[in-house]
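Descriptive analysis of the structure
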Amino acid sequence: MTDATLPSPEPGERLEQDVESAVLAAAATAVDAAAEAVDIVPLDSPRRLLLVHAHPDDETIGTGATMAKYAAENVLVTLVTCTLGEEGEVLVPEIAHLAADRDDGLGQHRVGELAAAMEALRVKDHRYLGGMGRWRDSGMMGTPANERSDCFWRADLDEAVRELVAVIREVRPQVVVTYDENGGYGHPDHIQAHRVTVAAFEASSDPAYAPELGERWQPSKLYWTAVPKSVLQAGIDALKESGGTDFFGVDSADDLPFGVADDVITTEVDARDHLDAKVAAMRAHKSQIEVDGPFFALSDHVGQRAFGREHYILVRGERGPGSETSDRESDLFAGVEHP
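Here we summarise the structure given alongside this text. This structure is a prediction, so every number in the text was calculated from the model and none was measured.

Remarks on the overall build of the protein
Within the protein, the secondary structure is distributed over 7 helices and 10 strands. Going through the 339 residues of the protein one by one, you find that 51% of them count as buried. Sequence-distant contacts in the protein: of pairs separated by 6 or more residues, those separated by 24 or more amount to 77%. Accessible area of the protein: about 15,300 Å², with a carbon and sulfur share of 49%.

What to know about the side chain of Thr197
Note that Thr197 resides in helix α5 (residues 188-203). Judged by its relative accessible area of 1%, Thr197 is buried. Every residue in contact with Thr197, bar those within four places of it in the chain, is listed here: Val52, Leu164, Val176, Thr178 and Leu222.

Quick word on the sheet that holds strand β4 (residues 175-178)
Across the sheet, which stays open at both edges, the 7 strands sit in the order β3-β2-β1-β4-β5-β10-β6 with mixed pairing between neighbours. This sheet does not close on itself; its edge strands, each paired only once, are β3 (125-128) and β6 (267-270). Here the average twist between neighbouring strands, direction ignored, is 25°. In terms of strand pairing, strand β1 (residues 48-53) meets β4 through 3 bridges, oriented parallel. Looking across to β4, one finds that Leu50 is bridged to Val176.

Description of the nonpolar core
Across soluble globular proteins, nonpolar side chains have a tendency to be buried as a group. Ranked by size, the top nonpolar core spans 33 residues in total, and within it Leu49, Val77 and Leu332 carry the most contacts. Mapped onto this core, the elements with two or more residues apiece are β1, α2 (58-72), β2 (76-81), α3 (106-121), β4, α7 (275-284) and β10 (309-316). At 7 residues, the largest contribution of residues to this core is made by α3. For Val77, the contacting residues outside a window of four places in its chain are Leu49, Leu51, Met67, Tyr70, Ala71, Val123 and Asp125.

Observations concerning the packing of aromatic side chains
For the structure on display, the rule yields 3 aromatic pairs. Summarising the aromatic geometry, the rings of Trp135 and Phe152 are spaced 5.8 Å apart at their centres and angled 55° between planes, so their arrangement reads as tilted. With Trp135 in the loop between β3 and α4 (157-171) and Phe152 in the loop between β3 and α4, the pair connects residues that are 17 residues apart, well separated along the chain. Accessibility expressed as a relative area gives 2% for Trp135, which makes it buried. Using a relative accessible area of 0% as the deciding quantity, one classes Phe152 as buried. With 6.2 Å between their ring centres and 70° between their planes, Tyr223 and Tyr312 make a pair best called edge-to-face. Here the residue Tyr223 occupies a position in strand β5 (residues 221-226), and Tyr312 occupies one in strand β10, the gap between them amounting to 89 residues. For the residue pair Tyr223 and Tyr312, the accessibility class agrees, reading buried in each case. Across from the ring centre of Phe333, 5.2 Å away, lies the NZ or CZ of Arg47, which sits over that ring. The residue whose ring lies beneath Lys69 is Tyr70, and the NZ or CZ to ring-centre distance is 4.6 Å.

Some points on the pairing of β4
Regular strands place side chains that alternate from one sheet face to the opposite one. Burial along β4 is two-sided: Val175 and Val177 facing one way and Val176 and Thr178 facing the other are all buried. Relative to β5, β4 runs parallel, the two being bridged by 4 bridges. Its bridge partner lying in β5, Val175 is registered against Lys221. Viewed along the sheet, the connection from β4 through α5 into β5 turns out right-handed.

Things to note about the packing of α2 against α7
Relative orientation of the contacting elements α2 and α7 amounts to 140°, with a least axis distance of 8 Å. By the angle between their directions, the pair α2 and α7 is classed as oblique. At the point where α2 passes α7, the crossing takes the right-handed sense. Taking contact as the criterion, the partners of Thr60, Ile61, Gly64, Ala65 and Ala68 in α2 are, on α7, Ala277, Lys278, Ala281 and Met282. Partitioned by chemical class, the residues of the contact of α2 with α7 number 6 nonpolar, 2 polar and 1 charged.

Remarks on α7
Judged by how many residues are buried, α7 sits mostly within the fold: 8 of 10 residues are covered. All buried positions along α7 are accounted for by Ala277, Lys278, Val279, Ala280, Ala281, Met282, Arg283 and Ala284.

As for the packing of α3 against α7
At a minimum axis separation of 8 Å, α3 and α7 run at an interaxial angle of 170°. With respect to their mutual orientation, α3 and α7 come out roughly antiparallel. Judged by residue contacts, Glu113, Ala116, Ala117, Ala120 and Leu121 of α3 engage Ala277, Lys278, Ala280, Ala281 and Ala284 from α7. Here the contact of α3 with α7 is composed, by residue class, of 8 nonpolar, no polar and 2 charged.

Cut-off values and rules
Residues numbered from 1 in each chain as written. Predicted model: local features only at pLDDT ≥ 70, side-chain atom pairs only at ≥ 80, totals over all residues. Heavy atoms only, no water. Helix = DSSP H or I, 4+ residues; strand = E, 2+ residues; numbered from the N terminus. Buried < 20%, exposed > 50% of the residue type's maximum accessible area, 1.4 Å probe, protein only. Contact = heavy atoms within 4.5 Å. Areas by Shrake-Rupley, 256 points an atom, 1.4 Å probe, with all protein chains shown as cover. Pairing = 2+ DSSP bridges. Axes fitted to C-alpha atoms, helices over the stretch in contact; angles between N-to-C directions. Core = buried A, V, L, I, M, F, W, Y, C linked by side-chain atoms within 4.5 Å. Phe/Tyr/Trp six-rings, centres within 6.5 Å; stacked < 30°, edge-to-face > 60°. Lys NZ or Arg CZ within 6 Å of the ring centre and 35° of its normal. Right-handed = clockwise from strand over helix to strand, strands pointing away. Parallel < 35°, antiparallel > 145°, perpendicular 65-115°, else oblique. Left-handed = near helix turned anticlockwise from the far one by under 90°. Nonpolar A, V, L, I, M, F, W, Y, C, P; charged D, E, K, R; others polar.

Everything listed is a geometric property; what it means functionally is a separate question.
Right, here's the structure in full:
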């Protein structure tokens, strides 16, 4: 399947062509986002959201619609990415030489893709944990990349936590988002991002912890990203209906190594109005994601549903009220007091 086969979106859902072209052009030219200073005063924004992700594209796949929604609502959305994604597979033949086992230039290329994705989501505050390239993509669990001394999986936890505490104390977010203890699906960098974020969430409020990093700050809420099994099953069924047959080689969400029971989901953010921005951001990550209609494929060409509803599990903080039709929160800031 190719982009040429995509159905035309409804008028109300179409992303302006010049915007999408600008996004793709930014990715193609590999703009170095970190080289462009952005003048942001965190406390000028009454609501502040911090997301910690392992690699470029993780933010878009798991939380892109949420990020676009809150950015459009003038929330300060800050993304911290822990690696450059150097070990990713390459879907674009023209840049296959950038792979880790060849020229090893994929990480720098993905810097540009991430910059373009942030433009699509309209997120202006993005940082690399410890600075660009401080820690390297660790690859999948059990691969030789795990053994490199500079990989994130082997990062000194104290150092990584200090780096994130510095960001938390600067940005002063009320809400922090990252992965669960298994990193969602067992990737070592996702697991490490979880460990670092939980430790930094706790340490940032301790006045005795590294006072040189700034005034203590206690975020109000900490969330894990999550995908309900019902959503995975809907994706499996929709893929079959569209003529596709390969969704991780299973027919049931119960047979997948990820996904959570629906009853543990505490929060559902309806960001369908911002799905165009999420899809545009996925297109920006062109070395890693193939986009085709409502589905996208990762490097193993597995179809998945690109929903505009994204789900979370509240693990720290007070749960806010549900909606008229559900006991789930509909807002990550539900119950949070802010100026």
